[in-house]
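Residues per chain, in single letters:
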Amino acid sequence: MIDHDRLARLHADEEQRFVSLHPRSAALAEQARGPLLAGVPMPWMTRWPGAFPVFVESASGARLVDVDGHEYVDLCLGDTGAMTGHALPQVADVVAERARRGITTMLPSADAVWVGEELARRFGLPTWQLAMSATDANRFVLRFARHLTQRPRIAVMDWCYHGTVDETLAVLDGDRVVPRPGALGPQVDVGETTAVVPFNDLDALDRRLAEGDVACLLMEPALTNIGIVLPDDGYLAGVREVTRRHGVLLVIDETHTMCAGPGGCTAAWELEPDLVVVGKAIAGGVPAAAYGMTAEVAEQLSGPMLGHEIDVAGVGGTLTANALALAAVRATLSTCLREEDFAVAVPLAERFTDGVAGVIAEHGLPWHVQRLGCRAEYWFCPPPRDGAAAAAAVDEQLEAFLHLWCLNRGVLLTPFHNMALFSPHHTEADVDRHTEVYADALSALLPR
């Protein structure tokens, strides 16, 4: 249905347009090739559309301005890190004031108590710990789970993503567990450390956990980084029953699925995890994450936490739970990501979903657009039930073209997938601008 020769020609035209629009970014990209590997400070920044990354000058609310003066409707929002909106005054003011009183001391601040109580209120788990990133939080939780159960393996969903945790970068190749494509220099053999099961397949989960060697199941309640894959009716209740029956701790990673509401899917769907991980958005863009646990898990861990050698337990980090991060978390959670904020953002995501679905239907394409709370993504296939089906539908050439077309017209999507995230700072006009741009792209690609 897609003429890839035409797609290649259109993409080449968009590349020329991109280069002509961004001379200052081009100059900075050329300068960066000397001191920075691949010309970027982080490897995944090479995934942005265009011949080089756009360099940012400023960001505020739902807008971003690059060094060439172009303004964008930001539907990426730092891939959830800025889900609250950029440069929130109530957070920036607190961060500045806290910085003048000391950033990090290795001692708790009063904000830590407030943060723990607020996370407990939102997610329903009573006891919390802090981390610098959700990757760290996931890593720490896996270590705790192996300690508590004395079992060697963890389990994850096929084509999941939980950050750069070595054991989680695994997929299924038939019945074999192998490194996820693109994983560089695996530290461990994931075939030895990790069990992988398809999402929405309770029978496969039951069979694998019955082997008795899995400490915990780490999962998102809906897959996100491979496109949104929603759980079947009754699936998550079944997961809870299966994990309990096999003595496996259930860890829910809400890093992206916090888009479902103030307490993520855990609260919105009344889930009952043993542990939950949150990150990215909770500090308004300042690096911070947290993980919570049931009273039973906390009681089991209380002994080891008081041990003389807890500082070398593989859990922690000198800058973790620093005073600046905790002040930012408190400022963010006390003023953002509340019911009233989602009451604005979710309808915008619904409008986005309806607009994209209308364009897809107009062209008779077998694509879909999926929504979870204030997050929406479109994919080049009917709605998949698992990560492998979503991954099989990837069309990198088509995705690159659509992202570049949108960027050249002032709409910024998340580079790794076709995700749009909405904050209270977006407007219906922002949503409609994307629908217009998306429709124009498909009309250019699929002329009648």
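**Thoughts on helix H5 (residues 134-149)**
No. 1: Its 16 residues place the ends of H5 22 Å apart at the C-alpha level, agreeing with the 22 Å of an ideal helix rising 1.5 Å per residue.
No. 2: Along H5, the positions that sit buried rather than exposed are Ala134, Thr135, Asp136, Ala137, Asn138, Phe140, Val141, Leu142, Phe144 and Ala145.

**Examining unusual backbone geometry**
No. 1: Here the phi dihedral of Asp79 falls at roughly 50°; this positive angle occurs in a residue that is not glycine.
No. 2: Following the sequence through the fold, Asp79 ends up in the loop between strand E3 (71-74) and helix H3 (89-100).
No. 3: One non-glycine residue, Gln150, lies in positive phi territory at about 60°.
No. 4: When you line up the elements, Gln150 lands in the loop between H5 and strand E5 (153-157).

**Comments concerning the sheet that holds strand E9 (residues 214-219)**
No. 1: Judged by pairing direction, the sheet is mixed, and its seven strands sit side by side in the order E4-E12-E11-E10-E9-E5-E8 without closing on themselves. Looking along the sheet, the strands with just one partner apiece sit at the ends: strand E4 (127-131) and strand E8 (194-197). For this sheet, the mean inter-axis angle between neighbouring strands, taken without regard to orientation, is 20°.
No. 2: Here E9 runs beside strand E10 (residues 249-253); their pairing, made up of four bridges, is parallel. If you follow Leu217 over to E10, its bridge partner there is Leu250.
No. 3: Each of E5, E8 and E9 touches helix H7 (residues 202-209); the most contacted strand, E8, lies at about 160° to it.

**Digging into the pattern of salt bridges**
It is possible for side chains bearing opposite charge to pair when their charged atoms get close.
No. 1: Applying the stated criterion across every chain yields a total of 27 salt bridges.
No. 2: A salt bridge links Arg153 to Asp213; the nearest nitrogen and oxygen atoms lie 2.8 Å apart. Residue Arg153 is located in strand E5, and its partner Asp213 is located in the loop between H7 and E9; the two are separated by 60 residues in the primary sequence. For the pair shown, Arg153 and Asp213 are each scored as buried.
No. 3: In this structure, the salt-bridge partner of Arg385 is Asp232, at a minimum N-O distance of 2.4 Å. Taken together, the positions of Arg385 in the loop between strand E14 (375-379) and helix H13 (387-392) and Asp232 in the loop between E9 and helix H8 (235-245) put the pair 153 residues apart, joining distant regions of the chain.
No. 4: When its relative accessible area of 29% is taken as the criterion, Asp232 is described as partly exposed.
No. 5: By sharing partners, the salt bridges in this structure join Arg153, Arg208, Glu211 and Asp213 into a single network.

**Observations regarding the packing of aromatic side chains**
No. 1: Under the criterion given, the structure shown has 10 aromatic pairs.
No. 2: Centre to centre, the rings of Trp44 and Phe416 are 5.9 Å apart; their planes meet at 90°, and the pair counts as edge-to-face. Taken together, the positions of Trp44 in the loop between helix H2 (23-32) and strand E1 (56-60) and Phe416 in the loop between strand E15 (411-412) and strand E16 (419-421) put the pair 372 residues apart, joining distant regions of the chain.
No. 3: A relative accessible area of 24% means that Phe416 is categorised as partly exposed.
No. 4: Taking 4.7 Å as the distance between ring centres and 45° as the angle between the ring planes, the aromatic pair formed by Tyr378 and Tyr438 counts as tilted. You can see Tyr378 sitting in strand E14 and its partner Tyr438 sitting in helix H15 (residues 428-445), a full 60 residues away along the chain.
No. 5: Taking relative accessible area as the criterion, Tyr438 reaches 0% and is therefore assigned buried.
No. 6: Cluster of aromatic residues (ring-pair linked, three or more members): Phe140, Phe144 and Tyr291.
No. 7: Stacked on the ring of Trp405, the Lys or Arg Arg409 has its end atom at 3.5 Å from the ring centre.

How each quantity is defined
Residues numbered from 1 in each chain as written. Predicted model: local features only at pLDDT ≥ 70, side-chain atom pairs only at ≥ 80, totals over all residues. Heavy atoms only, no water. Helix = DSSP H or I, 4+ residues; strand = E, 2+ residues; numbered from the N terminus. Expected span 1.5 Å × (residues − 1). Buried < 20%, exposed > 50% of the residue type's maximum accessible area, 1.4 Å probe, protein only. Pairing = 2+ DSSP bridges. Axes fitted to C-alpha atoms, helices over the stretch in contact; angles between N-to-C directions. Contact = heavy atoms within 4.5 Å. Salt bridge = Lys/Arg side-chain N within 4 Å of Asp/Glu carboxyl O. Phe/Tyr/Trp six-rings, centres within 6.5 Å; stacked < 30°, edge-to-face > 60°. Lys NZ or Arg CZ within 6 Å of the ring centre and 35° of its normal.

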